[in-house]
Amino acid sequence: MVGKSQIKYIRSLQLKKHRKATGLFVAEGVKLVNELLEEGYEPRFLYTTTPEVLPPNPPTFEVVKEADLIRMSGLKSPNKVLAVFPIPQTQVIQEEGWMLALDGVKDPGNLGTIIRLCDWFGFSQLICSEETVDCYNPKVLQATMGSIARVKVVYVALPEFLSASGKPVFGAYMDGEDVQNTQWPEAGILVMGNEAHGISEEAGRHIGSKVSVPQFGKASAESLNVATATAILLHELRRDPSN
């Protein structure tokens, strides 16, 4: 049986301030936890109701009752495995090739989906403004479906980063050039903006080219979801033979 103090400690990690203070985050579910384990993440704590679902030769774990897992979990329906991992040290930004940057994306589901898209389209890192939602938010982690294990998320002061990068910077705008006509260079930065307000004025000062997804339906559809737009733009970028 897991003690009350341990349960309280683990549940506290649902909040960003406690994750920041402890340097730890909680991952739940067989797929998410196993992918983190397989990518070399070393858990501080690992609990399961069903040891058979863990990968071969797992690290030390504790078998718990379902009732204990429910008390530790932040999910409505806990899924057999819960682990506490150290948050990775700040990664050195790899500036080769193309980079994707997010400016103030707030919705956890959108960020999680975009992390999955990075994994799908071969972006091993994601640059985020300091205003973007925490990638270790439990809802973000669930939405990544394990891709957080392979995509390094780095938070920066985005305007300063764009200014210092030396790369051509493309931004997604409603009034940008039709992406189907865009000439993509071999390397650059693609910036996606906030769900409600788009790219901030501060970051926008460093954008050299505006791109957009053309609209074919009625104008009453105001805009695309940021994750959907990201998928389309990344597909178009990768469709270019040079990328």
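Just so we're clear, the structure is a prediction, and the values are computed from it rather than from any experiment. (Residues numbered from 1 in each chain as written. Predicted model: local features only at pLDDT ≥ 70, side-chain atom pairs only at ≥ 80, totals over all residues. Heavy atoms only, no water.)

Colleague: Please clarify how the pairing of strand S4 (residues 81-86) should be interpreted in this entry.
Modeller: On any regular strand, side chains alternate: one points to one face of the sheet, the next to the other face. Counted residue by residue, S4 has five buried out of six residues, so it is predominantly covered. Where strand S2 (residues 45-48) meets S4, four bridges bridge the pair, whose relative direction is antiparallel. Residue Phe45 lies in a different strand from S4, and its bridge partner there is Val84. (Buried < 20%, exposed > 50% of the residue type's maximum accessible area, 1.4 Å probe, protein only. Helix = DSSP H or I, 4+ residues; strand = E, 2+ residues; numbered from the N terminus. Pairing = 2+ DSSP bridges.)

Colleague: Looking at this model, I keep getting lost on the state of the cysteines. Mind explaining?
Modeller: Note on terminology: a disulfide is the covalent bond linking the sulfur atoms of two cysteines. All told, the structure shown has zero disulfides when counted by the stated rule. We note that Cys118 lacks a disulfide partner, and the nearest cysteine sulfur, in Cys128, lies 8.3 Å from it. The exposure class of Cys118 is buried, given its relative accessible area of 0%. Judged by its relative accessible area of 0%, Cys128 falls in the buried class. (Disulfide = S-S within 2.5 Å.)

Colleague: Help me out: how do you make sense of the environment of Asp175 in this one?
Modeller: If you trace the backbone, Asp175 turns up in strand S8 (residues 169-178). For the pair Asp175 and Val211, spaced 36 residues apart in the sequence, the C-alpha separation amounts to 7.6 Å.

Colleague: Whenever I open this one, the sheet that holds strand S6 (residues 125-129) confuses me. Can you help?
Modeller: Backbone-to-backbone hydrogen bonds pair the strands of a sheet. The strands run either parallel or antiparallel. The parallel open sheet is built from six strands, whose spatial order is S7-S6-S5-S9-S8-S10. With one partner strand each, in any of the chains shown, strand S7 (152-156) and strand S10 (209-212) form the two edges of the open sheet. Ignoring strand direction, the axes of neighbouring strands in this sheet form an average angle of 40°. By the bridge criterion, two bridges tie strand S5 (residues 98-102) to S6 in an arrangement that is parallel. By the bridge assignment, Leu102 is partnered in S6 with Cys128. (Axes fitted to C-alpha atoms, helices over the stretch in contact; angles between N-to-C directions.)

Colleague: What should I look at first to understand the packing of helix H5 (residues 108-121) against helix H9 (residues 226-239) in this one?
Modeller: A pair of packed helices is captured by two measures, namely the crossing angle of their axes and the spacing between those axes. Packing of H5 against H9 brings their axes to within 9 Å, and their N-to-C directions diverge by 15°. On the basis of their axis angle, the class for H5 and H9 is roughly parallel. Crossing geometry of H5 relative to H9 is assigned as right-handed. Taken together, the residues of H9 that come into contact with H5 (itself represented by Asn110, Thr113, Ile114, Leu117 and Phe121) are Val226, Ala227, Thr230, Ala231, Leu234, His235 and Arg238. Its residues assigned to classes, the contact of H5 with H9 comprises seven nonpolar, four polar and one charged. (Parallel < 35°, antiparallel > 145°, perpendicular 65-115°, else oblique. Left-handed = near helix turned anticlockwise from the far one by under 90°. Contact = heavy atoms within 4.5 Å. Nonpolar A, V, L, I, M, F, W, Y, C, P; charged D, E, K, R; others polar.)

Colleague: Which parts of the structure should I look at to understand the environment of Val92?
Modeller: Looking at the element boundaries, Val92 is found in the loop between S4 and S5. Residues Val92 and Lys152, 60 residues apart in the sequence, show an inter-C-alpha distance of 9.7 Å.

Colleague: Looking at this model, I keep getting lost on the sheet that holds S4. Mind explaining?
Modeller: With mixed pairing, the four strands of this open sheet are ordered in space as S1-S4-S2-S3. Both outer strands of the open sheet, strand S1 (24-28) and strand S3 (62-63), are each paired with one neighbouring strand and no more.

Colleague: Looking at this structure, I do not really get the packing of aromatic side chains. What am I missing?
Modeller: For any two aromatic rings, the description comes down to two numbers: the centre-to-centre distance and the angle of the planes. Under the defined criterion, the tally for this structure stands at seven aromatic pairs. An angle of 85° between the planes, with centres 6.0 Å apart, marks the rings of Tyr41 and Phe85 as edge-to-face. Of the two residues, Tyr41 is situated in the loop between helix H3 (30-38) and S2 and Phe85 in strand S4; the sequence distance between them amounts to 44 residues. Residue Tyr41 is classed as buried on the basis of its relative accessible area of 12%. A cation over an aromatic ring shows up here: Lys210 above the ring of Tyr173, its NZ or CZ 4.6 Å from the ring centre. (Phe/Tyr/Trp six-rings, centres within 6.5 Å; stacked < 30°, edge-to-face > 60°. Lys NZ or Arg CZ within 6 Å of the ring centre and 35° of its normal.)

Colleague: Mind showing me how you'd approach H3 here?
Modeller: Every α-helical turn comprises 3.6 residues, leaving residues that sit three or four positions apart pointing alike. Along H3, the positions that sit buried rather than exposed are Leu32, Val33, Asn34, Glu35, Leu36 and Leu37. Contacts made by the buried residues of H3 are with S1, S2, S4 and helix H6 (138-144). Backbone geometry just after H3 places Gly40 at a positive phi near 95°.

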